[in-house]
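Structure at a glance
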Amino acid sequence: MQNFELEGLRVLMTHIGGYPGHYSPAARPLVQQERPGLFISGHSHILKVMPDPKLGLLHLNPGAAGRHGFHKVRTLLRFAVAEGRVQQLQVVELGPK
């Protein structure tokens, strides 16, 4: 688990974290305690960008950039951080696995 601040944005990042309304048992207390503005997690290989209005954060799962797993298209997310906010968020497709 990584927990850091970047350009005024608190970021929490972990491998298995779930997503809004369905956080993993290990991630849930950390998300609630740390109150990040951005929570990045993966594991599912399913690209998701979801706000969590209840906790006031943005959840990102970049999908999967590798060639192993059940996903059909390799993906990642590219974005900038400025003034405490995620900006210029882009989905990048790397092609078939």
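Everything numeric here is computed off the predicted structure, so don't read it as measured data. Note on numbering: residues in each chain are counted from 1, in written sequence order. Reporting of local features is limited, given that this is a predicted model, to residues whose pLDDT is at least 70; pairs of side-chain atoms are given and counted only at 80 or more, and all residues count toward the totals for whole chains, interfaces and linings. Based on all heavy atoms of the structure, the side-chain values leave hydrogens and waters out of the count.

**Re the packing of aromatic side chains**
Aromatic rings from Phe, Tyr and Trp, with only the six-membered ring used for Trp, were paired whenever their centres fell within 6.5 Å, and each pair was classed as stacked if the ring planes differed by under 30 degrees, edge-to-face if by over 60, and tilted otherwise. Within this structure, the stated rule accounts for 1 aromatic pair. Only when the NZ atom of a Lys or the CZ atom of an Arg is both within 6 Å of the ring centre and within 35 degrees of the ring normal do we say a charge sits over the ring. Just above the ring of Tyr19 sits the side chain of Lys48; from NZ or CZ to the centre is 3.4 Å.

**Some remarks on the nonpolar core**
If you look at the biggest cluster of nonpolar residues, it comprises 8 residues: Leu9, Val11, Leu38, Ile40, Leu58, Leu60, Leu77 and Val81. Those elements that place two or more of their residues in this core are strand E2 (9-14), strand E5 (38-41), strand E7 (57-61) and strand E8 (73-82). Not counting residues up to four positions away in its chain, the partners in contact with Val81 are Leu6, Glu7 and Leu9. To form a nonpolar core, buried Ala, Val, Leu, Ile, Met, Phe, Trp, Tyr and Cys residues must be joined to one another through side-chain atoms within 4.5 Å. Categorising residues by exposure relies on relative accessible area from a 1.4 Å probe, with only protein chains included: less than 20% of the type maximum marks a residue as buried, more than 50% marks it as exposed, and the intermediate range marks it as partly exposed. Helix and strand assignments come from DSSP, with helices taken as H or I runs of at least 4 residues and strands as E runs of at least 2, each series counted from the N terminus. Whether two residues are in contact is decided by their heavy atoms: any pair within 4.5 Å suffices.

**What about the side chain of Thr14?**
Among the secondary structure elements, Thr14 is positioned in strand E2. In this structure Thr14 comes out as buried when scored by relative accessible area, which is 17%. Apart from residues lying up to four places away in sequence, Thr14 is in contact with Met1, Phe39, Ile40, Ser41 and Gly42.

Shape is all these values report; function is a separate question.
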